[in-house]
Number of protein chains: 2
Amino acid sequence: MSGPQSRLGSVLSHLLGSKHAPEPAASEIASTGSNEATNPVYKHVLTPTSFLERAAAIEPDAEAIVHITANGRTLRRNYAEFADRARGLAWYFAHHGFRRIGILAPNTPAFLETIFASGAAGAVLIPANYRLIAADVAYVFDFADVDIIVADAQFSSLLTEGNECFAASHPNIPILVDSDIDTTEGELRGAFDAAVLEGLRLEAHRPDIEDRSWAGLHAFVAAQPGHKPLDEDDTIAIPFTSGTTAKPKGVEFSHRGAYLAALANVAESGLNGDDNGDDDDKAARCRYLWTLPMFHAVGWTFPWSVCAVRGTHVCLRKIDYPLIWKLLREEGVTHFNAAPTVNTLLCADPQAERLARPVKVTVAASPPTAHLFEQMSKLNLHPVHVYGMTETYGPITRGYILPSWNKLPGHQKFERMARQGHGFLTSMPARVVKTDDDGNAITAKNHKGVTTFVDVPRDGRTIGEIVFQGNICAKGYYKDPAATAKLFDGGVLHSGDLAVMHPDGSVQILDRAKDIIISGGENISSVALESILVEHPDVLEAAVVAVPDSHWGERPKAYLTTKTLKGGDGKPVVIEQQAFLDWVKHQSGISRFMVPREMEVVTELPKTSTGKLQKNVLRQWALKGTPDDVKVAP
Amino acid sequence: MSGPQSRLGSVLSHLLGSKHAPEPAASEIASTGSNEATNPVYKHVLTPTSFLERAAAIEPDAEAIVHITANGRTLRRNYAEFADRARGLAWYFAHHGFRRIGILAPNTPAFLETIFASGAAGAVLIPANYRLIAADVAYVFDFADVDIIVADAQFSSLLTEGNECFAASHPNIPILVDSDIDTTEGELRGAFDAAVLEGLRLEAHRPDIEDRSWAGLHAFVAAQPGHKPLDEDDTIAIPFTSGTTAKPKGVEFSHRGAYLAALANVAESGLNGDDNGDDDDKAARCRYLWTLPMFHAVGWTFPWSVCAVRGTHVCLRKIDYPLIWKLLREEGVTHFNAAPTVNTLLCADPQAERLARPVKVTVAASPPTAHLFEQMSKLNLHPVHVYGMTETYGPITRGYILPSWNKLPGHQKFERMARQGHGFLTSMPARVVKTDDDGNAITAKNHKGVTTFVDVPRDGRTIGEIVFQGNICAKGYYKDPAATAKLFDGGVLHSGDLAVMHPDGSVQILDRAKDIIISGGENISSVALESILVEHPDVLEAAVVAVPDSHWGERPKAYLTTKTLKGGDGKPVVIEQQAFLDWVKHQSGISRFMVPREMEVVTELPKTSTGKLQKNVLRQWALKGTPDDVKVAP
């Protein structure tokens, strides 16, 4: 007999000891899935948790996880092992009655296991950003009412040290620490592994368990006191917004929404390249590199998407550009997701070289530039440009690349690619609706007297707000009805992003409402201006914010990082302000009022942990002066 | 302004005349999709009809349809034109209040347009098999309560001629005849085109229409008297079973089920190969050849799947092997679907030659042989082996090809590929459950006293019935609660197919329950036996049925077609019975009791219009003698 159970025997028998129950009869193993009795035969709840169980059932030997551990060893797990461990953890959660699972970890196998264990145990996952300060981590976990936390050893002190840490105010909430250390001896790697094994022992030994498998787990969960049959609109996870300007907000993901978003990502990012088993380089099985943080919108639902195609998760504890290039070359990576800033620095890394086979790079988080897409394409990194926000499970639009663009002159193909495009496969169409002078969407009555938002004309010029509807919109903000009402005001999800709609129906973001610069009555899109500034041969990154101007009201100020001087010991190129501003004046697409009043070169731009530019920090710098640690002498 | 509206103007203005309304202001065009007011912001109904509207919005110029018309011209339509015509027809249906749309046509553009028009008008589509006799066509349309029929001119006499035809008993139900004739003059092509244009005129001229677009259509449909907001469990189509042994039964497809099946088919058949617009042969945009009849399970949901990826529908009025090879070579076809019998004859066609680029062939309808898959692979036709039935929207399992199979000796890879495999991406797992001696699934009480079906052991030997649950199961049989209750008996969908479950959890069909041969107490799988017989170098096709035997109870009889003699003017090879049976005895996998008692060579095997072998007809032949017109002298 093959399959998960036999593997569990071989992998874990020495840990479980001689009391490990005999393997169940084959007839007991067949999974019945999670169709609860309340559904008719022809319906089952949409939940992405099922993708792991399914992957392990189809191809237990397929490589599921490759990971360089905290002690620098390369760990490899197949789908049988991944599924066994996730199921063990789920038994642990279910047996102890944990229903709200916090996690504080970089992109590790433990994170992936916790995502699936939480779902299978009927619990809600609450991921926290490990780059927050202890008080903010405590706020997230306290606000979301976690009853247990999985924490990576590198970051667990954030939970346990100091007066403001979570443990100080919640001493009774258990913390399962994962050391993420691999040893040849196979000893336990901390409390997390102990919990996994406790769960597997429970499965093996509890006398009330009839079916020692996923089906048995589902039956056990369903039989717990107070358990309600899963509804697909129930919450599966509460990732938090980055909270650059206010307290982070908890965004409620439903099982249905996560399932439909994950399926759309399979198709849109082409994760299902080839699962035909042919040894064919042209369309390889998905090997997905975890550059995107898993805590961010639950890795935009890709933990589920990759399992849906039995792909390999190549985990990564931190962004390390030389290591990424090494993995791209040596681990046959086919896909990764990253913000434009990460891609910019990746392309600028000394290790950068054109890859032998194409890699699809799903790009989101902030508007990318045409320049970046052109650079990436030269390295055989093929951008899939998507746009979204935590409130839309990540991606909800895609810039679909049309064959006719290949005939456009110059950079125009890449300029088109930099547009945010059209609504996603499983989404309703994206709209851009008229706004008032403050950037708030406004409604009007149509001739039947119904109040609706008014779409902007498709002229590529009129600025409005992008709004969404339908299955790829999250359920709202956890325990914040006022913010949810504002988000959904008038029956649409308000993105807060300002955009135009082009004649071809594609959407292009100009700015966050608060980032637009109004100079002498003209709107200046900081995104559009930045995309011009990065065309300068010495500029690496550019960010523009408004500074007060006595004559024009506001004018742009540019913050730049510059490229490394060739043969200059890693020193950045020097750019002189007046020469730079003169160069800007002569670029196409620049109107006089768009030229920045001043520029400043810094060693590093302020960014969130997910790679978004922190314009609020730049505005502080503009008002109070640039901090000494990033200052570059003019 | 580009987009559907401007195209409508240029394409149809001479037909609409000078009264054609001015183009609407751009602000009126933005589609709001079909999110009706009853849904919260974060939900919209799952319906595959939206895929056409979306495709035309993203890429109006993309080639949507290529078709050789009834008068032999090659017609090409882009997505704007396809969507305009479907929307016009939907306006026509909605304006006249048609809610149950019959269709009798081969694989034409009119069929595709009717599928989407019906869905957009909130109607139910009822496709009928054009190879049925007039009385059976009348039965289908009468039983399903159609209130209008779209009919291809080649087959409309089935509706209008003779005493038993549909029109004889339903003189007031309109029939929209489509001539499927293309002329350079662009005149109307019969009542079907007239209805499309009437709908477009309505859209252009009705004073009560505010929004002359898909959004306007949705609003118009929603405002009709008696209209209920669409529920995703509502019926979208009622395709009929082939009804080989009884009256055809109408299978109710829901919007949700069709949507999830269509999405799964995108991923499983890899239709989303590349929509990145690169001129790259390796992963071309989907160009799908319509070998599978559209009336069969609504073309297994592929009309929707292909539009979901903005692929090209290459339509085909009938199976014509030289033409198929021509289209495979000249139209850059990337995908088609066909039954094993069609693939067998395609591989045997004199035009067969290895294709320059791989084509994915989704194979279903009856169990294929390893031999066929090996032949196809040599021609660069890559099988995606799926299994299902009309009651499961077509495909619900797939034989996933594992990399490790490449190391298996001899034909074993292809033998594994011929298994039906595991549950589909959006399905619950397939199960094989124990049956009684008559092949009926049996239940047992578990130790908690709950009555459940009992899964067979995963031994590759124990025969049971394949049963399904979940979203890829149809809602049941239209107006046949008794048959529906039998289909869903005990809370699962009964396939009626007998199978084993292998140790790797994959399902392999042995036979329909009624086709299995019981000889001296041993079960003989006719499918397994046939897969051995076709390995004979002179055999093209093989079908086995039981014949009564005084000693063994039953024994197998083989019906064969043979390959064409090379240089023999198309004459078939002669096979001598005793030599053939001696050959069979020496094949591996043959037990003594499996060897057929007799064999007979025929010119043609009896098949349904969807390519399934008609074993009931063969059993008649075995009892009463082979008809003269297929007899081949022994």
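Source: prediction; values computed, not measured.

**Side note on the sheet that holds strand β2 (residues 74–78) of chain B**
Residue and element names in this part refer to chain B.
No. 1: What the 9 strands build is an open sheet, ordered β2-β1-β10-β9-β11-β12-β13-β14-β15; its pairing is mixed. On the outer flanks of this sheet lie β2 and β15 (422–423), each paired with one strand and no other.
No. 2: Here strand β12 (residues 359–363) runs beside strand β13 (residues 381–389); their pairing, made up of 5 bridges, is parallel. Its bridge partner being in β13, Thr362 is matched across the sheet by Val384.
No. 3: Contacting β11 (335–338), β12 and β13, helix α14 (residues 340–348) crosses the sheet at an angle of about 115 degrees to β11.

**Here we look at helix α18 (residues 526–533) of chain B**
No. 1: Across the 8 residues of α18(B), 6 count as buried, placing the element largely inside the fold.
No. 2: What α18(B) keeps buried is the set Ser526(B), Val527(B), Leu529(B), Glu530(B), Ile532(B) and Leu533(B).

**Some remarks on helix α5 (residues 134–143) of chain B**
Residues and elements named next belong to chain B.
No. 1: Buried residues of α5: Ala134, Val137, Ala138, Val140, Phe141 and Phe143, and no others.
No. 2: On its buried face, α5 sits against β3 (100–104), β4 (124–127), β5 (148–152), α6 (157–160) and α7 (166–169).
No. 3: Residue Asp145 follows α5 closely and has a positive phi angle near 60 degrees.

**Description of the side chain of Ser427(A)**
No. 1: Along the polypeptide, Ser427(A) turns up in the loop between β15 (422–423) and β16 (431–434).
No. 2: Residue classification places Ser427(A) among the buried positions, given a relative accessible area of 9%.

**Here we look at the environment of Ala267(A)**
Residues and elements named next belong to chain A.
No. 1: With respect to the element layout, Ala267 can be found in helix α10 (residues 255–268).
No. 2: Accessibility expressed as a relative area gives 14% for Ala267, which makes it buried.
No. 3: Separated by 276 residues in sequence, Ala267 and Ala543 have C-alpha atoms that sit 33 Å apart.

**Overview of the sheet that holds strand β1 (residues 63–68) of chain A**
No. 1: Taking strand neighbours across the sheet as the criterion, the 9 strands line up as β2-β1-β10-β9-β11-β12-β13-β14-β15 (chain A) in an open arrangement whose pairing is mixed. This sheet does not close on itself; its edge strands, each paired only once, are β2 (74–78) and β15 of chain A.

**Points about the pattern of salt bridges**
No. 1: Applying the stated rule across the entire model yields 68 salt bridges over all chains.
No. 2: Between Arg431(A) and Asp455(A) there is a salt bridge, with the nearest N and O atoms lying 2.9 Å from each other. Linking Arg431(A) in strand β16 with Asp455(A) in the loop between β18 (451–453) and β19 (464–468), this pair joins segments that are 24 residues apart in sequence. Neither Arg431(A) nor Asp455(A) differs from the other in exposure class; each is buried.
No. 3: Arg256(B) is the partner of Glu232(B) in a salt bridge, and the nearest nitrogen-oxygen pair spans 2.8 Å. With Glu232(B) in the loop between α9 (214–222) and β7 (235–237) and Arg256(B) in helix α10 (residues 255–268), the pair connects residues that are 24 residues apart, well separated along the chain.
No. 4: Overlapping salt bridges, with partners in common, bring together Asp549(A), Lys557(A), Arg597(A), Glu598(A) and Glu600(A) in one network.

**A word on the nonpolar core**
No. 1: Counting residues in hydrophobic clusters, the biggest one holds 254 residues, and the most contacted among them are Tyr79(A), Phe93(A), Phe141(A), Tyr79(B), Phe93(B) and Phe141(B).
No. 2: With near-sequence residues (within four places) excluded, Phe93(A) lies in contact with Phe98(A), Ile101(A), Ala117(A), Ser118(A), Ala121(A), Ile148(A), Val150(A) and Leu176(A).
No. 3: Val66(A), Met376(A), Leu379(A) and Ala418(A) belong to the second largest nonpolar core, which has 32 residues in total.

**Topic: the packing of α10(A) against α10(B)**
No. 1: The interhelical angle for the contact between α10(A) and α10(B), taken along N-to-C directions, is 35 degrees, at an axis separation of 9 Å. Both α10(A) and α10(B) take part in a crossing whose hand is left-handed. Between α10(A) and α10(B), the residues in contact are Arg256(A), Tyr259(A), Leu260(A), Leu263(A), Val266(A) and Ala267(A) and Arg256(B), Tyr259(B), Leu260(B), Leu263(B), Val266(B) and Ala267(B), respectively.

**Some thoughts on the environment of Ile532(A)**
Residues and elements named next belong to chain A.
No. 1: Checked against the element boundaries, Ile532 lands in helix α18 (residues 526–533).
No. 2: Take Ile532: its relative accessible area is 14%, and that puts it in the buried class.
No. 3: Distance from Ile532 to Gly589, taken between C-alpha atoms, is 8.0 Å for residues 57 residues apart in sequence.
No. 4: In contact with Ile532, other than residues within four places in its own chain, are Trp583, Gln587, Ser588, Gly589 and Ile590.

**Regarding the pairing of β1(A)**
Residues and elements named next belong to chain A.
No. 1: Of the strand pairs in this sheet, β1 and β2 are connected by 5 bridges, and their pairing is antiparallel. Bridged to Ile68 within β2 is Thr74.
No. 2: Counting the residues between successive antiparallel strands, the hairpin from β1 to β2 contains 5 residues, one of them, Gly72, with a positive phi of roughly 80 degrees.
No. 3: Inspection of the sheet shows β1 paired to strand β10 (residues 312–314) by 2 bridges, in the parallel sense. By the bridge assignment, Ile65 is partnered in β10 with His313.

**Concerning the packing of aromatic side chains**
No. 1: With the rule as written, the count across this model stands at 38 aromatic pairs over all chains.
No. 2: Taking 6.0 Å as the distance between ring centres and 20 degrees as the angle between the ring planes, the aromatic pair formed by Phe580(A) and Trp583(A) counts as stacked. Taken together, the residues Phe580(A) and Trp583(A), both in helix α19 (residues 577–585) and 3 residues apart, mark about one turn of the helix.
No. 3: Among the residues examined, Phe580(A) registers a relative accessible area of 1% and is labelled buried.
No. 4: The rings of Tyr139(A), Phe143(A), Phe240(A) and Tyr478(A) are connected pair by pair, giving a single aromatic cluster.
No. 5: Here the basic side chain of Lys479(A) rests over the ring of Phe143(A), its NZ or CZ set 4.9 Å away from the ring centre.
No. 6: The ring of Tyr139(B) carries Lys247(B) above its face, with NZ or CZ at 4.5 Å from the centroid.

**What about the state of the cysteines?**
No. 1: Scanning the model with the defined rule gives 0 disulfides over all chains in all.
No. 2: The thiol of Cys286(B) is unpaired, and the distance to the nearest cysteine sulfur, on Cys307(B), comes to 9.8 Å.

**A short note on the side chain of Thr369(B)**
Residue and element names in this part refer to chain B.
No. 1: On the secondary structure map, Thr369 appears in the loop between β12 and α15 (370–378).
No. 2: Of note is the side chain of Thr369, whose polar atom sits 3.1 Å from the backbone nitrogen of Leu372.
No. 3: Filtering out sequence-adjacent residues up to four positions away, Thr369 remains in contact with Ala418, Ser531 and Val534.

**Notes on unusual backbone geometry**
All names here are of chain A.
No. 1: One non-glycine residue, Asp180, lies in the positive phi region at around 50 degrees.
No. 2: Topologically, Asp180 is positioned in the loop between β6 (175–178) and α8 (191–205).
No. 3: For Asp180, a relative accessible area of 0% gives the class buried.
No. 4: Its identity is not glycine, yet Trp300 carries a phi of approximately 50 degrees, on the positive side.
No. 5: Tracing the backbone shows Trp300 in helix α11 (residues 297–300).
No. 6: Classification of Trp300 by relative accessible area gives buried; the value is 3%.

**Observations concerning the environment of Ala94(A)**
All names here are of chain A.
No. 1: Looking at the element boundaries, Ala94 is found in helix α3 (residues 79–96).
No. 2: For the pair Ala94 and Thr397, spaced 303 residues apart in sequence, the C-alpha to C-alpha distance is 37 Å.
No. 3: Excluding residues that lie within four positions of it along the chain, Ala94 makes contacts with Ala121, Phe220, Val221 and Gln224.

Conventions and cut-offs
Residues numbered from 1 in each chain as written. Chains lettered and ligands numbered in written order. Predicted model: local features only at pLDDT ≥ 70, side-chain atom pairs only at ≥ 80, totals over all residues. Heavy atoms only, no water. Pairing = 2+ DSSP bridges. Helix = DSSP H or I, 4+ residues; strand = E, 2+ residues; numbered from the N terminus. Contact = heavy atoms within 4.5 Å. Axes fitted to C-alpha atoms, helices over the stretch in contact; angles between N-to-C directions. Buried < 20%, exposed > 50% of the residue type's maximum accessible area, 1.4 Å probe, protein only. Salt bridge = Lys/Arg side-chain N within 4 Å of Asp/Glu carboxyl O. Core = buried A, V, L, I, M, F, W, Y, C linked by side-chain atoms within 4.5 Å. Left-handed = near helix turned anticlockwise from the far one by under 90°. Phe/Tyr/Trp six-rings, centres within 6.5 Å; stacked < 30°, edge-to-face > 60°. Lys NZ or Arg CZ within 6 Å of the ring centre and 35° of its normal. Disulfide = S-S within 2.5 Å. Polar contact = N/O pair within 3.5 Å; in protein donor to acceptor, adjacent residues only side chain to side chain.

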